[in-house]
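Listed here are the chains, written in short residue letters.
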Amino acid sequence: VELNGQMIELVSPGNRLLEISLRTSKAETVSEIVIVRDVTHEVEVSRIKSDFLSTAAHELRTPMSSIY
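Residues numbered from 1 in each chain as written. Predicted model: local features only at pLDDT ≥ 70, side-chain atom pairs only at ≥ 80, totals over all residues. Heavy atoms only, no water.

**A look at the overall build of the protein chain**
Along the backbone of the protein chain there are 1 helix and 3 strands. Relative to the 2.2 N^0.38 estimate, which gives 11 Å for 68 residues, the radius of gyration of the protein chain is 20 Å and therefore markedly larger than a compact globule would have. Its C-alpha atoms put the protein chain at 70 × 30 × 10 Å along the principal axes. A buried classification covers 7% of the 68 residues belonging to the protein chain. Considering only residue pairs separated by 6 or more positions, the protein chain has 7% of its internal contacts joining residues 24 or more positions apart. About 6,000 Å² of surface is accessible on the protein chain, with carbon and sulfur atoms providing 60% of the total. (Helix = DSSP H or I, 4+ residues; strand = E, 2+ residues; numbered from the N terminus. Rg over C-alpha atoms; globule rule 2.2 N^0.38 Å. Buried < 20%, exposed > 50% of the residue type's maximum accessible area, 1.4 Å probe, protein only. Contact = heavy atoms within 4.5 Å. Areas by Shrake-Rupley, 256 points an atom, 1.4 Å probe, with all protein chains shown as cover.)

**Looking at the sheet that holds strand 3 (residues 32-38)**
If you trace the 3 strands from one edge of the open sheet to the other, you get 1-2-3, paired in antiparallel fashion. In this open sheet, the two edge strands, each paired with only one partner strand, are strand 1 (6-10) and strand 3. On average, adjacent strands in this sheet sit at an angle of 25° to one another, irrespective of strand direction. (Pairing = 2+ DSSP bridges. Axes fitted to C-alpha atoms, helices over the stretch in contact; angles between N-to-C directions.)

**A word on the pairing of strand 2 (residues 16-24)**
A regular strand places its side chains on the two faces of the sheet in alternate fashion. Direction of pairing for strand 1 relative to strand 2: antiparallel, over a ladder of 5 bridges. Counted as the bridge partner of glutamate 9 is leucine 17 from strand 2. In this antiparallel pair of consecutive strands, strand 1 and strand 2, the connection spans 5 residues, and glycine 14 shows a positive phi of 70°. Note: strand 2 against strand 3, 7 bridges, orientation antiparallel. Across the sheet, residue serine 21 finds its bridge partner in strand 3, namely isoleucine 35.

**A closer look at the pattern of salt bridges**
Inspection of every chain in the model, using the stated rule, returns 5 salt bridges. Among the ionic pairs, glutamate 19 bridges to arginine 37, the shortest N-O distance being 3.4 Å. Of the two residues, glutamate 19 is situated in strand 2 and arginine 37 in strand 3; the sequence distance between them amounts to 18 residues. You can call glutamate 19 partly exposed: its relative accessible area is 21%. The exposure class assigned to arginine 37 is partly exposed, which follows from its relative accessible area of 41%. (Salt bridge = Lys/Arg side-chain N within 4 Å of Asp/Glu carboxyl O.)

Written out as structure tokens, the structure reads:
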């Protein structure tokens, strides 16, 4: 069973965004596993992509409105 990941932002050193997940294990020696993953790059790429698509849509809409 995997619990939903929680995001934590580290302000220093250098802003980092971490995703922390907890997974339970069926092994006798391990009951829970904590997974910490740096997702800073993925979040930044997603933000840049969204900004680009928003700008491109706006720039295409402007000439189209004058054509109509």
